[in-house]
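So the chains spell out like this:
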There are 2 protein chains.
Amino acid sequence: MADTPRPRVVIIGGGFGGLSAAKALKHAPVDVLLIDRRNHHVFQPLLYQVATAGLSPGDIASPIRWILRRQQNVQVWLAEAVRVDTARRVVVLTDGDVSYDYLILASGSTHAYFGHDEWCQYAPGLKTLEDALEMRRRVLVAFEQAEREPDKAKQRRLLTFVVVGGGPTGVELAGALAEISRHALANDFRAIDPESARIILVEGGPKVLPTYSPELSQFARSALERLGVSVWTGSLVTNVEADKVSVGGEVIEAGTILWAAGVAASPVGASLGAPLDRAGRVLVQDDLSIPGHPEVTVVGDLSALRKPDGAWHPGVAQVAIQEAEHAAHNIERAVAGQAPEPFVYHNLGNLATIGRNSAVAELPRVHMKGYSAWLFWLFVHIFKLIGFRNRLSVMTQWAFSYMTYQRSVRLITGNDGWSDRE
Amino acid sequence: MADTPRPRVVIIGGGFGGLSAAKALKHAPVDVLLIDRRNHHVFQPLLYQVATAGLSPGDIASPIRWILRRQQNVQVWLAEAVRVDTARRVVVLTDGDVSYDYLILASGSTHAYFGHDEWCQYAPGLKTLEDALEMRRRVLVAFEQAEREPDKAKQRRLLTFVVVGGGPTGVELAGALAEISRHALANDFRAIDPESARIILVEGGPKVLPTYSPELSQFARSALERLGVSVWTGSLVTNVEADKVSVGGEVIEAGTILWAAGVAASPVGASLGAPLDRAGRVLVQDDLSIPGHPEVTVVGDLSALRKPDGAWHPGVAQVAIQEAEHAAHNIERAVAGQAPEPFVYHNLGNLATIGRNSAVAELPRVHMKGYSAWLFWLFVHIFKLIGFRNRLSVMTQWAFSYMTYQRSVRLITGNDGWSDRE
């Protein structure tokens, strides 16, 4: 046995899926190579906190190789996958090739603009740390420019913030923006009153948090409105330009537009040659592999699989983690000469927060809302963060921020500076 | 009196000088306008900690308007000064003009490359948060690329780090790099041994920390060498190219080159029409004003003034702060119809740290070195940080880092990504 090389498992992506797959293979007789084009894993559920100056990037991200440092059968590469050659069993990188015996594709998704990619420059989305820093920069610069703007109409435009998309990210962003303008910035300006800022949440469907129960959706809407957010449901965005959002016939003049609507699958998925759905996700078989290639599995946001009730598995962390662990399990079975097993999802619930005191939680046996749901949200998010340092830092900062209403990381950074907005 | 408009004091720059000037004018019967092209004040002495992944940008920077939020006679503008028109008493911004009755120019300095600006792209300097993040990115990417590099000569080049300049910043950078490779990264790689990294500190003069006593300089050198840093004194850099530093006749192949040598004055100084020194600093009179314009004072790194012993005041935070407070004092006198007073500097001492257990401190009555100086360094830097949140966060992270040897913010970020280095 010592002379037989161990099978190589290549994992593309260091998000919740890729990382969970690598960890699940800890005791498997395989060599794992995890490839990501970032050196860090990001705790996505708190990315909106970075975008709204509540936390630093370092609080919610950890180097992937540090997370896996004690797992001797894993190597981590900073590299970018371009496509998969399933016939040759090779992943083509921007700077070389790497072959595999088993492949777990977990390269996730990016923002989608309903076929209008040109909207991206006017309305950035939120997937990476860089995205979050760009959102933070735009929000803070808008207040800075308003402070210097003598024209009242222009000032009003600069103090109008539109969030497109009423899912959990959109709700969390809108709630945090309302708190920034009502509390964190309230005393820092001389020429403007940050409390006069307008925050508009635009959702195409009939309610915010579309996948939640009607009762929790309604609660979230009321909570946002109490914070001063205008919630526009049933409002489809038809155009986005510089400082302008068209919603049906109406045009909102807004200095800052943030995108929290559609997602599109990573383009690497298309290279597999497997059937795709309309969003570009790979239609996997019930064991998460692709037709004709049992050695290739796709997990997380890039994967499209129906539940027994016919609905699609949602693009959330829990699904990615469970799929990744299942893919690892099936690789262990394959190495041992056993047949793969079908994937079964165990729903652990959904959580979204609305500002500093309120949240909604939809758990399998219980629905929570308000302060108790918010405490539950706090607990889960601190507990799930990777790294003791991060947990300690986030706890400290949230405690501090809760007492003082301050957002502590109000830095405008970026080499392009603020002046590219003029 | 109520009808007389109060004189307007314009301050350019939100560093140690500009901020101290604004605070010193708190009770003066003037309206203060502080202008900076960043929205944040950076605590420069800890910038090397951001560059070496020990602290987050948010730990050492605070929004200027937040720092001054309780001072009602100050307004803060995010704007960029281009030049000063002393005849019209106007500061020309990139997007408008602003007039002043009194001007305090505190726009500081940037890196200088001995007339070789083209070296900048190969050897970034350390003045802003963006600079620090760029250094961090280059250092971390070098280890990542080495992990994937099969060619041993290229791997050795990637693991060679050159720091140019043996002042406090260069010494602190080199010490921190040595610790990263010996401790923080020691277990995280599979194909390389981070401990094999070479760190070379290159200084043109005969000793490191040139302004310190010979005994402390020698101590710092020995401490660096114990950490594994090669210290090359009397070594003038004659050329810098991609991955190459020429020192006299010798060429060092180094994947990462960091610049901690010369500084050049902010170009705004030249527009005053006052005499400049060779580095572009403004030769001020003994009350810090410029000839013919008692209403214009220049403080901090941009100001050039000799001490009674004939030496120049050094470009350190203490000088900037004392000059700024003196400039504010003279403006209060002028408003009250009194003549200006000459500036007198009170030296409070110099501090530099060398890795995690050692430092040198040169105080007026006592010299300290080693562990006691390091504890003193810790105390002073935490105490001087602006904002309780930052002090708490830095204390927590340093305690954590001291116990675990980890550098907690090892993130490679930047929209240009890592791939632009290929």
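This structure is a prediction, so every number in the text was calculated from the model and none was measured.

1. Some words on the overall build of chain A
Along its length, chain A carries 11 helices and 25 strands. Over its C-alpha atoms chain A spans a radius of gyration of 22 Å, differing by no more than 12% from the 22 Å that the globule rule assigns to 422 residues. In chain A, which comprises 422 residues, the share counted as buried stands at 58%. A total accessible area of about 17000 Å² is found for chain A, and carbon and sulfur atoms account for 53% of it. Charge centroids of chain A, computed over 42 positive and 44 negative side chains, lie 4 Å from each other.

2. Some remarks on the side chain of Lys127(A)
Positionally, Lys127(A) belongs in the loop between β10 (109-111) and α5 (129-148). Look past the residues within four positions of Lys127(A) in its chain and what remains in contact with it is Gln44(A), Leu47(A), Ser109(A), Thr110(A), His111(A), Val263(A) and Asp301(A).

3. Let's talk about the nonpolar core
By size, the foremost hydrophobic cluster in this structure holds 69 residues, and its most contacted members are Leu46(B), Ile60(B) and Phe143(B). Tallying contributions element by element places helix α5 (residues 129-148) of chain B first for this core, with eight residues. Leave out the neighbours within four places in its chain, and Phe143(B) touches Leu159(B), Phe161(B), Ser181(B), Leu185(B), Phe189(B), Ile192(B), Pro194(B) and Ala197(B). Grouped together as the second largest cluster of nonpolar side chains are 67 residues, Ala176(A), Val208(A), Phe219(A) and Ala320(A) included.

4. Quick notes on the sheet that holds strand β15 (residues 244-247) of chain B
Residues and elements named next belong to chain B. Taken in spatial order, the three strands of this open sheet run β14-β15-β16, and their pairing is antiparallel. Edge positions in the open sheet fall to β14 (237-241) and β16 (250-253), since each of these has one partner strand only. If you compare each strand with its neighbour and ignore which way they point, the axes differ by 20° on average.

5. A look at a nonpolar patch on the surface
The grouping of Tyr371(A), Leu375(A) and Tyr402(A) at the surface amounts to a nonpolar patch, some 280 Å² of accessible area in total. Here Tyr402(A) lies in helix α11 (residues 388-404).

6. Looking at the pattern of salt bridges
Under the defined criterion, the tally for this structure stands at 34 salt bridges over all chains. Put simply, Glu144(B) and Arg65(A) hold a salt bridge, and the shortest N to O gap is 2.7 Å. Residue Glu144(B) is found in helix α5, and its partner Arg65(A) is found in helix α4 (residues 64-67); the two belong to separate chains. Taking the shortest distance from any N to any O, the salt bridge between Glu341(B) and Arg333(B) comes out at 3.4 Å. Residue Glu341(B) is classed as partly exposed on the basis of its relative accessible area, which comes to 32%. Counted as one network, the salt bridges with shared partners bring together Asp85(A), Arg88(A) and Asp97(A).

7. Some words on the packing of helix α1 (residues 16-24) of chain A against helix α9 (residues 317-335) of chain A
All names here are of chain A. In the contact formed by α1 and α9, the axes pass within 8 Å of each other and the chain directions differ by 35°. Crossing hand, α1 versus α9: right-handed. Where α1 abuts α9, its residues Phe16, Gly17, Ser20, Ala21 and Ala24 lie against Ala317, Ala320, Ile321, Ala324, Glu325, Ala328 and Glu332. When its residues are assigned to classes, the contact of α1 with α9 shows eight nonpolar, two polar and two charged.

8. Quick look at the interface of chain B and chain A
Across the contact, 55 residues belong to chain B and 54 residues belong to chain A. For chain B, the biggest contributors to the area lost against chain A are Arg65(B), Arg148(B) and Arg190(B); these three give 16% of the whole. Where chain B touches chain A, the interface holds four salt bridges. When the shortest N-O distance is used, the salt bridge between Asp95(B) and Arg148(A) registers 3.1 Å.

9. Quick word on the relation of the copies chain B and chain A
Related by rotation about an axis and a shift along that axis, the two copies of the chain form a pair. Placing chain B over chain A gives an RMSD of 0.0 Å and needs a rotation angle of 180°, together with 0.0 Å of translation along the axis. Accordingly, the operation relating the two chain copies is best matched by a two-fold axis. Most of the interface of chain B is mirrored in chain A, where 98% of its interface residues are also at the interface.

10. Overview of helix α10 (residues 371-384) of chain B
All names here are of chain B. Between its first and last C-alpha, α10 extends 20 Å over 14 residues, near the 20 Å set by a 1.5 Å rise per residue. Taken residue by residue, α10 has Ala373, Trp374, Trp377, Leu378, His381 and Ile382 as its buried positions. Looking straight down α10, one finds its buried side chains confined to an arc of 160°; they lie on one side. In α10, the exposed residues that point more than 90 degrees away from the buried face are Phe379 and Phe383. Against α2 (47-51), α7 (168-184), β23 (350-353), β24 (359-362), β25 (367-370) and α11 (388-404) lie the buried residues of α10.

11. Section: the pairing of β15(B)
Residue and element names in this part refer to chain B. Pairing of β14 with β15 involves four bridges; the strand directions are antiparallel. Residue pairing in the sheet places Asn239 in a bridge with Ser246 of β15. In sequence, β14 turns back onto β15 through a hairpin of two residues, with Asp243 there showing a positive phi of about 60°.

12. Thoughts on the sheet that holds strand β7 (residues 90-93) of chain A
All names here are of chain A. Sheet architecture is open: three strands sit in the order β6-β7-β8, paired in antiparallel fashion. Since the sheet does not close on itself, it has two edges, and those belong to β6 (81-85) and β8 (96-99), each with one partner. Taking the axes of each pair of neighbouring strands and ignoring which way they run, one obtains an average angle of 25° across the sheet. Sheet analysis places β6 next to β7, joined by four bridges and oriented antiparallel.

13. Digging into the packing of aromatic side chains
According to the stated counting rule, one finds 20 aromatic pairs over all chains in the structure shown. Of note, Arg281(A) hangs over the ring of Trp312(A), and the distance from its end group to the ring centre comes to 5.4 Å.

14. Let's talk about the environment of Ile12(B)
Residues and elements named next belong to chain B. Relative to the helices and strands, Ile12 resides in strand β1 (residues 8-12). By relative accessible area, which is 5% here, Ile12 ends up buried. The sequence separation of Ile12 and Ser271 amounts to 259 residues, and the corresponding C-alpha distance is 13 Å.

15. Looking at the confidence of the model for chain A
Residues at a pLDDT of 70 or more form 97% of chain A, whose mean pLDDT is 92. Scored by ipTM, the complex comes to 0.88, with pTM at 0.91.

16. Focus: the pairing of β24(B)
Residue and element names in this part refer to chain B. Burial along β24 is two-sided: Ala359 and Ala361 facing one way and Val360 and Glu362 facing the other are all buried. Taken together, the four bridges between β23 and β24 define a ladder with antiparallel strand orientation. Bridge pairing in β24 places Thr353 opposite Ala359. The antiparallel pairing of β23 with β24 creates a hairpin that spans five residues between the two strands, and Gly355 there sits at a positive phi of about 75°. One ladder, built from four bridges, connects β24 with β25; its direction is antiparallel. In the sheet register, Ala361 faces β25, and the bridge partner there is Met368. What sits between β24 and β25 in their antiparallel hairpin is a turn of four residues.

Rules behind the numbers
Residues numbered from 1 in each chain as written. Chains lettered and ligands numbered in written order. Predicted model: local features only at pLDDT ≥ 70, side-chain atom pairs only at ≥ 80, totals over all residues. Heavy atoms only, no water. Helix = DSSP H or I, 4+ residues; strand = E, 2+ residues; numbered from the N terminus. Rg over C-alpha atoms; globule rule 2.2 N^0.38 Å. Buried < 20%, exposed > 50% of the residue type's maximum accessible area, 1.4 Å probe, protein only. Areas by Shrake-Rupley, 256 points an atom, 1.4 Å probe, with all protein chains shown as cover. Lys, Arg positive; Asp, Glu negative; His and termini not counted. Charge placed at Lys NZ, Arg CZ, Asp CG, Glu CD. Contact = heavy atoms within 4.5 Å. Core = buried A, V, L, I, M, F, W, Y, C linked by side-chain atoms within 4.5 Å. Pairing = 2+ DSSP bridges. Axes fitted to C-alpha atoms, helices over the stretch in contact; angles between N-to-C directions. Patch = residues over 30% accessible without salt bridge, like charges linked within 9 Å, V, L, I, M, F, W, Y side chains within 5 Å. Salt bridge = Lys/Arg side-chain N within 4 Å of Asp/Glu carboxyl O. Left-handed = near helix turned anticlockwise from the far one by under 90°. Nonpolar A, V, L, I, M, F, W, Y, C, P; charged D, E, K, R; others polar. Buried area = accessible area lost by both parts, 1.4 Å probe. Least-squares fit on C-alpha atoms with pLDDT ≥ 70 in both. Expected span 1.5 Å × (residues − 1). Arc of directions from axis to C-beta. Phe/Tyr/Trp six-rings, centres within 6.5 Å; stacked < 30°, edge-to-face > 60°. Lys NZ or Arg CZ within 6 Å of the ring centre and 35° of its normal. pLDDT = per-residue confidence, 0-100.

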